[in-house]
Structure formats: structure tokens, C-alpha cells
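Coordinates in review
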Amino acid sequence: MSEPDKTKLLWHYTTWNDFRLIRLDGVIKPTAVHILAGEHPAVWFSANPTWEPTASKGIRFSASEPFHRASMEEMMKFAGGLVRIGVSKETVPVAWKDFRAAAHLTKERFEGLERSGRDSGSNPDEWFATFAPVPRNRWLAVEVFKDGRWLPLREARG
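Residues numbered from 1 in each chain as written. Predicted model: local features only at pLDDT ≥ 70, side-chain atom pairs only at ≥ 80, totals over all residues. Heavy atoms only, no water.

**Focus: the overall build of the protein chain**
Heads up, the condition is: Here a helix means four or more residues in a row that DSSP labels H or I, a strand means two or more in a row labelled E, and each is numbered from the N terminus. A 1.4 Å probe rolled over the protein chains alone gives each residue an accessible area, and that area as a share of the maximum for its type sets the label: buried under 20%, exposed over 50%, partly exposed in between. Between two residues, a contact is recorded if the distance between any of their heavy atoms is within 4.5 Å. Residue-level accessible areas treat just the shown protein chains as cover; the underlying method is Shrake-Rupley with a 1.4 Å probe.
Check the secondary structure of the protein chain and you find five helices and 11 strands. Looking at the protein chain residue by residue over its 158 residues, the buried ones come to 42%. The long-range fraction of contacts in the protein chain, counting pairs at least 24 apart against all pairs at least 6 apart in sequence, stands at 72%. As presented, the protein chain carries roughly 9,300 Å² of accessible surface, and 54% of it is formed by carbon and sulfur atoms.

**With respect to the environment of Leu 82**
Residue position: Leu 82 is located in strand β6 (residues 82-87). Residues Leu 82 and Trp 16, spaced 66 residues apart in sequence, show a C-alpha to C-alpha distance of 5.3 Å.

**Looking at the side chain of Ser 122**
Definition in use: Distance and chemistry together define a polar contact, namely a pair of N or O atoms within 3.5 Å, with one atom able to donate a hydrogen and the other to accept it when in protein, and with adjacent residues in sequence counting only for side-chain atoms on both sides.
Looking at the secondary structure, you find Ser 122 in the loop between α4 (107-119) and β8 (127-130). A distance of 2.4 Å separates polar atoms of two side chains, one belonging to Ser 122 and the other to Glu 52. Residue contacts for Ser 122: discarding those within four places in its chain leaves Glu 52, Pro 53, Thr 54, Gly 117 and Trp 127.

**Things to note about the pairing of strand β1 (residues 10-15)**
Let me state the cut-off plainly: Being paired, for any two strands, means DSSP has found at least two bridges between them.
Of all six residues making up β1, six are buried, and the element is well covered by its neighbours. Of the two faces of β1, both are covered, the one formed by Leu 10, His 12 and Thr 14 as well as the one formed by Trp 11, Tyr 13 and Thr 15. Bridge count for β1 against β6 is six bridges, and the pairing is antiparallel. Bridged to Thr 14 within β6 is Val 83.

**Notes on helix α1 (residues 16-25)**
Put simply, the test is: In this description, the arc belongs to the directions extending from the helix axis to the C-beta atoms.
When we look at burial in α1, the residues that qualify are Trp 16, Phe 19 and Ile 22. Down the axis of α1, the smallest arc covering the buried residues is 105 degrees, so these residues share one side. Opposite the buried face of α1, by more than 90 degrees, sit the exposed residues Leu 21 and Leu 24.

**Points about the packing of aromatic side chains**
For clarity, the threshold we go by: Note on aromatic pairs: the rings of Phe, Tyr and Trp (six-membered ring only in Trp) are paired at centre separations within 6.5 Å, and the planes decide the class, stacked below 30 degrees, edge-to-face beyond 60, tilted for the rest. Two thresholds decide whether a charge sits over a ring: the Lys NZ or Arg CZ must be within 6 Å of the ring centre and within 35 degrees of the ring normal.
Under the criterion given, the structure shown has 11 aromatic pairs. With a centroid separation of 5.7 Å and an interplanar angle of 55 degrees, the aromatic rings of Tyr 13 and Trp 150 are classed as tilted. Here Tyr 13 is found in strand β1, whereas its partner Trp 150 is found in strand β11 (residues 149-152), with 137 residues between them in sequence. Judged by its relative accessible area of 12%, Trp 150 falls in the buried class. Summarising the aromatic geometry, the rings of Phe 145 and Trp 150 are spaced 5.1 Å apart at their centres and angled 65 degrees between planes, so their arrangement reads as edge-to-face. Taken together, the aromatic side chains of Trp 44, Trp 96, Phe 99, Phe 110, Trp 127 and Phe 131 make up a single cluster linked through ring pairs. It is Arg 84 that lies over the ring of Trp 11; its NZ or CZ is 3.7 Å from the centre.

**Observations concerning unusual backbone geometry**
One non-glycine residue, His 104, lies in positive phi territory at about 65 degrees. Mapping His 104 onto the fold places it in the loop between α3 (96-103) and α4.

Note that all results are geometric; they support no functional claim without further evidence.
Have a look at this one:
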């Protein structure tokens, strides 16, 4: 089987700790985290070829410090590493511009999410979603960030 053209893939960015559960389940499930009543949970992907800033978790180093969005380096250190799962565009059909109507978001909520994403350094034009679980047979690539670059899982963990 030939390698997919990585420039055409959309990526689900996650941590190694979360990927272990995804791999056990064999499916990426729609998230219900921060979903308001009436909204549809989604599985998120990005066209960003390096990292999706909104995939970074909020962290703080002590109870006296405020939470901040972790950098890619902090995510690697505190979340067991970084993993991305690549799929084709056909697997993730909903672009951000169409997400508001598809997910039943209010205009205010949609604009707030977009503003928050931009504030974190993200580009909403790179966001894509699906409301269906994404099973392992749809995954075209699984990569781990190691030594400053993305490597196929079998090479990085081998």
C-alpha cells in the first residue's frame, strides 16, 4: 500500500495519553466537552501541517498561577507526547464556515469560538469537523512528534 500524500490530509491532533484510549477504542469519538444544550458534538481536524493550537490544553504550574494554553513543548512534556491522525477530506466534510448551521450554534457562540481560536494562534479556515465517529479504517496516517518532526508511529515508537 502506498503512503498517502500528507499535504492533502486533515489532522486530528491529540496527546499520547489520549491517543492510547483512542487506539484501544479503534475510533475517534465526537467530543461533548464544552458543548452547550442543543449543539452537536463533533470530531475536530485541522489542515495545519504542524500543530493545531486549539488542541493544546489549559495548564498551570501552581494553584496561585492562572491557567494558560500550553505550548506545543509543554504539551509534549506534560501529556506524554503528541500524536496526530490523518484522514482524507471526504472523512471530515464540514468546514468551519459551515459548522455554525450544521452544529446548531448561535451566532454569538460561533463568533466566540472563532475569536478564541484566533487568539490562540489558530486559523479557523483550517478547521474541519464531522459529527460521526471516525473509525480506524478511515485513518490514513498516525504520527508522533519526535525530535522536532512528525514521524510515523511505527518509526517513532519502534
